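# Chains, contacts and geometry: an overview
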Amino acid sequence: MRILHTMLRVGDLERSLAFYCDVLGMKLLRRKDYPGGEFTLAFVGYGEESHHTVIELTYNWGVSEYDLGNAYGHIALGVDDIYKTCQDIQARGGKVTREPGPMKHGSTVIAFVEDPDGYKVELIQGK
């Protein structure tokens with residue numbers, strides 16, 4: 001068994017695709033409209049679904065906002081140079097909500113960015 005994908009509901013698919021693809025550097029792997037159900041699915045990631053875990057962005061037609069609740073935590077991405085990655089994300093219009101630095105009570109260097117819908121993405125140095 002392996003994890004295939006994580007699904008996130010988004011309020012504006014084009015805005016979310018711009019964030020995940022243009023800001024975080026993922027690729028749009030596939031996209032399909034479901035007129036009968038009035039939703040669109042778009043899968044993004046750093047490699048093909050056959051070998052990589054990806055993110056499924058679900059846009060329910062006509063829904064522009066969700067209550068994120070307090071149970072969801074974040075998606076984590078491993079990066080080689082967290083400081084440069086954060087600079088690049090900010091230069092492309094991304095929002096860094098926690099600057100790079102050691103995590104509390106530890107030495108792992110982390111940072112957080114936020115997607116257009118408010119979902120947190122953790123960056124972890126050297127993973």
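First, a word on what this report is: a plain description of the structure on this page. Computed from a predicted structure; not experimentally measured.

Definitions and limits used
Residues numbered from 1 in each chain as written. Predicted model: local features only at pLDDT ≥ 70, side-chain atom pairs only at ≥ 80, totals over all residues. Heavy atoms only, no water. Salt bridge = Lys/Arg side-chain N within 4 Å of Asp/Glu carboxyl O. Helix = DSSP H or I, 4+ residues; strand = E, 2+ residues; numbered from the N terminus. Buried < 20%, exposed > 50% of the residue type's maximum accessible area, 1.4 Å probe, protein only. Pairing = 2+ DSSP bridges. Axes fitted to C-alpha atoms, helices over the stretch in contact; angles between N-to-C directions.

### What about the pattern of salt bridges?
Overall, the coordinates contain six salt bridges when judged by the stated rule. One salt bridge connects aspartate 88 with lysine 84, and the closest N-O pair in it is separated by 2.9 Å. Of this pair, aspartate 88 and lysine 84 both sit in helix 2 (residues 82-91), four residues apart, roughly one helical turn. In this structure lysine 84 comes out as partly exposed when scored by relative accessible area, which is 44%.

### So, unusual backbone geometry
Despite not being glycine, glutamate 38 has its phi angle at roughly 55°, a positive value. Here glutamate 38 lies in the loop between strand 2 (27-34) and strand 3 (39-45). The backbone of histidine 105 shows a phi angle near 65°, a positive value even though the residue is not glycine. Turning to its location among the elements, histidine 105 is positioned in the loop between strand 6 (95-102) and strand 7 (109-114).

### Looking at the sheet that holds strand 2
Pairing between sheet strands relies on hydrogen bonds along the backbone, with the strands arranged either parallel or antiparallel. Strand order in the open sheet formed by four strands is 1-4-3-2, and the pairing between neighbours is mixed. Two strands close off the open sheet at either side, each with one partner strand: strand 1 (5-9) and strand 2. Strand-to-strand twist of the sheet, defined as the mean angle between neighbouring strand axes without regard to direction, takes the value 20°.

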